[in-house]
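Single-letter residue listing:
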Amino acid sequence: MPQLMAMVSSETNQTAVLSTVAAALHEAFSFFWTGFYVVEQNELVVGPFQGPVACLRIAKGRGVCGNAWQHEKTIIVPDVDHYPGHIACSALSRSEIVVPIVLKSGHVMGVLDIDSSELNTFDEEDQFYLEKICSYLGERFS
Ligand code: SME
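Nothing here was measured: the structure is a model prediction, and the numbers come from that model.

> Would you take a moment to explain the state of the cysteines for this structure?
Such a bond, covalent and formed between the sulfur atoms of two cysteines, is termed a disulfide. According to the stated counting rule, one finds one disulfide in the structure shown. In this model, cysteine 55 is linked to cysteine 89 through a disulfide, with the two sulfur atoms separated by 2.2 Å. Between cysteine 55 and cysteine 89 the disulfide shows an S-S torsion of about -120°. By sign, it is left-handed. On the criterion of sequence distance, the pair formed by cysteine 55 in the loop between strand 2 (43–50) and strand 3 (57–59) and cysteine 89 in the loop between strand 4 (75–77) and strand 5 (95–102) is long-range, its members being 34 residues apart. You can see cysteine 65 has no disulfide; the closest cysteine sulfur is in cysteine 89, sitting 7.6 Å from it. With a relative accessible area of 4%, cysteine 65 lands in the buried category. There is no disulfide at cysteine 134, and the cysteine sulfur nearest it, in cysteine 65, is 11 Å away.

This is how it looks when you write it as C-alpha cells:
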C-alpha cells in the first residue's frame, strides 16, 4: 500500500493513476487479469488493464462486474463456473474479485476487477486492502 500510494499520490491524471495501480497489482501478485471498468452512461467500458484482451463493454447488472456496480459492493467469486451470469472473457479465468469505486457523490465511477487462473484465490484480506485502494481512488477522483 505505501509503495502504491507513493507512486500515484502526486499524479492527477486518471488514466495514469489507474494504469499504474493495475500494473503494480498485476506484477506483484501475478494475477491472470487485473484492470478497471469505468462507468459510461449505463455501461461499463474497459479501462486500463494488464493481461489478455477482455470484454470491452458490460451492461449494468450483467456479470460479476455489472452486479458489483449495481449493488455497490465487493463480490468474491471462488469458482466462476458457479456464478450465474458470469461473463467469461477467457476460459482460463477460474476465480475473481470485483470491487466498486464509489465517488463522494455516491455514484459509482467504475470497478476494479481481478481474475485468477486458479480457483479460490481471493479472500477477506484481499477484499480489505483492495477496498482501501478503491476508496482512495473514489476520493481522488470525486
Ligand atoms: N468476468 C467478468 C467480466 C470481465 S473479465 O473477467 C475481465 C464479469 O463476469 O463481469
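> Looking at this structure, I do not really get the side chain of serine 90. What am I missing?
One can find serine 90 in the loop between strand 4 and strand 5. A relative accessible area of 17% places serine 90 in the buried class. Within polar-contact distance, the side chain of serine 90 engages the backbone nitrogen of leucine 92 at 3.0 Å.

> In this structure, what is going on with the site of the ligand? I would like to understand it.
In the neighbourhood of the ligand, 13 residues make up the surrounding shell, with Val64, Cys65, Ile87, Glu96 and Asp115 lying closest. Contact between the ligand and valine 64: an oxygen atom at 3.0 Å from a main-chain N or O atom of the residue. Aspartate 115 has a polar side-chain atom sitting 2.7 Å from an oxygen atom of the ligand. Out of a free accessible area of 310 Å², the ligand has 99% covered by protein chains. Counting residues per element, the ones that place at least two in the shell around the ligand are strand 1 (33–40), helix 3 (63–71) and strand 6 (108–116). Residue contributions to the shell around the ligand peak at three residues, all from helix 3. Residues that form the shell around the ligand fall into these classes: eight nonpolar, two polar and three charged.

> What should I look at first to understand helix 4 (residues 124–140) in this one?
Since there are 3.6 residues in each turn of an α-helix, residues three or four apart along the chain are aligned in direction. Helix length check: helix 4, at 17 residues, gives a terminal C-alpha distance of 24 Å against a target of 24 Å (1.5 Å per residue), a fit within 8%. Those residues of helix 4 that fall on the buried side of the exposure criterion are Leu130, Ile133, Cys134, Leu137 and Gly138. Looking down the long axis of helix 4, one finds its buried residues gathered within 140° of arc, a one-sided arrangement. Facing away from the buried surface of helix 4 by more than 90 degrees, the exposed residues are Glu124, Glu125 and Glu139. Contacts from the buried residues of helix 4 go to helix 1 (2–8), helix 2 (14–29), strand 1, strand 5 and strand 6.

About the cut-offs
- Residues numbered from 1 in each chain as written.
- Predicted model: local features only at pLDDT ≥ 70, side-chain atom pairs only at ≥ 80, totals over all residues.
- Heavy atoms only, no water.
- Disulfide = S-S within 2.5 Å.
- Helix = DSSP H or I, 4+ residues; strand = E, 2+ residues; numbered from the N terminus.
- Buried < 20%, exposed > 50% of the residue type's maximum accessible area, 1.4 Å probe, protein only.
- Polar contact = N/O pair within 3.5 Å; in protein donor to acceptor, adjacent residues only side chain to side chain.
- Near = heavy atom within 4 Å.
- Areas by Shrake-Rupley, 256 points an atom, 1.4 Å probe, with all protein chains shown as cover.
- Nonpolar A, V, L, I, M, F, W, Y, C, P; charged D, E, K, R; others polar.
- Expected span 1.5 Å × (residues − 1).
- Arc of directions from axis to C-beta.
- Contact = heavy atoms within 4.5 Å.

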